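This is what each chain is made of:
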Amino acid sequence: MNQRDVLDVLQVFCGADGRHGNTLGVVRDPRAFPDRASRQALAAELGFSETVFVDDPERGVVDIYTPGLRLPFAGHPLVGAAWLLDLEVVNPPAGEVWVSQDGEFTWITARAEWAPPRTLRQYASAAEVEALEVPPTGEWVYAWAWEDEAAGRVRARAFPGRGDGIDEDEATAAAALLLTDRLGRALNITQGRGSQILTAPGPDGTIEIGGRVRLAAPVPAMR
């Protein structure tokens, strides 16, 4: 394989105006990165919140990395890969994730127990969330407040606290999954600078997570 094969760069969970969203790298042909060490090195070099390697596009088998670790489940890589490859199912290590498309939004169906632990910290107002400084490293904090409780509208920000260069995560589906599970209701979350995540609990303990995706730019793989 030519090592200049493209890496697709997406913005996942964009706002209604098409802006913002969390940056995602998608390696559609990962033969140049055959093992965890080479994949982790690329993810660290790219510095995106997450990079996903598509090992089997027909079955949707994917491998997800932050700049510093491998993840069994993460929402925005699954939504982005499903949108890019027009998949009906994606298969991260956590389990089988079904996908649906409604024209504007790409939806995945997941379970709260697949999400890594997060500290969900409620504040009294959206203004308090917006005024927060990045906390010290060591704790993964999802700060949130109601914008309109009756309508299910939430203002949120996410601070991974890993010390890997990602001080604030622009859009975090795994934390949205946990918050939806805790509150037991559909949510319309505005996160970061203006990203949007929609959620809806299902009758069987699953939760749907949806968002808009756009192609940011094709860039050459670095190694």
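Scroll up to find the structure this text is about.
For the structure given in this document, a descriptive report is provided here.

Cut-off values and rules
- Residues numbered from 1 in each chain as written.
- Predicted model: local features only at pLDDT ≥ 70, side-chain atom pairs only at ≥ 80, totals over all residues.
- Heavy atoms only, no water.
- Helix = DSSP H or I, 4+ residues; strand = E, 2+ residues; numbered from the N terminus.
- Rg over C-alpha atoms; globule rule 2.2 N^0.38 Å.
- Contact = heavy atoms within 4.5 Å.
- Phe/Tyr/Trp six-rings, centres within 6.5 Å; stacked < 30°, edge-to-face > 60°.
- Buried < 20%, exposed > 50% of the residue type's maximum accessible area, 1.4 Å probe, protein only.
- Lys NZ or Arg CZ within 6 Å of the ring centre and 35° of its normal.

### Focus: the overall build of the protein chain
Point 1. Within the protein chain, the secondary structure is distributed over four helices and 14 strands.
Point 2. On C-alpha atoms alone, the protein chain measures out to a radius of gyration of 16 Å, which is about the 17 Å that the 2.2 N^0.38 rule sets for 223 residues.
Point 3. Projected onto its principal axes, the C-alpha coordinates of the protein chain cover approximately 55 × 40 × 30 Å.
Point 4. The contacts of the protein chain with a sequence gap of at least 6 include a subset with a gap of at least 24, amounting to 56%.

### What about the packing of aromatic side chains?
The way to describe two aromatic rings as a pair is by their centre distance and the angle between their planes.
Point 1. Evaluation of the coordinates by the stated rule reveals five aromatic pairs.
Point 2. Ring geometry for Phe53 against Tyr65: centres 5.6 Å apart, planes inclined by 90°, an arrangement best described as edge-to-face. Of the two residues, Phe53 sits in strand β3 (residues 50-56) while Tyr65 sits in strand β4 (residues 61-65), which places them twelve residues apart along the sequence. By the burial criterion, Phe53 is buried, and Tyr65 matches it.
Point 3. Each ring, one from Phe105 and one from Trp107, has its centre 6.2 Å from the other, and the planes form 50°; the classification is tilted.
Point 4. A residue is classified by how much of its surface remains accessible, and Trp107, at 14% relative accessible area, is buried.
Point 5. Between the NZ or CZ atom of Arg118 and the centre of the ring of Trp140, over which it lies, the distance is 4.0 Å.

### Focus: the environment of Ala110
Point 1. When you line up the elements, Ala110 lands in strand β8 (residues 106-111).
Point 2. For Ala110 and Thr206, which are 96 residues apart along the polypeptide, the C-alpha to C-alpha distance reads 5.5 Å.

Coordinates in, geometry out; function isn't part of it.
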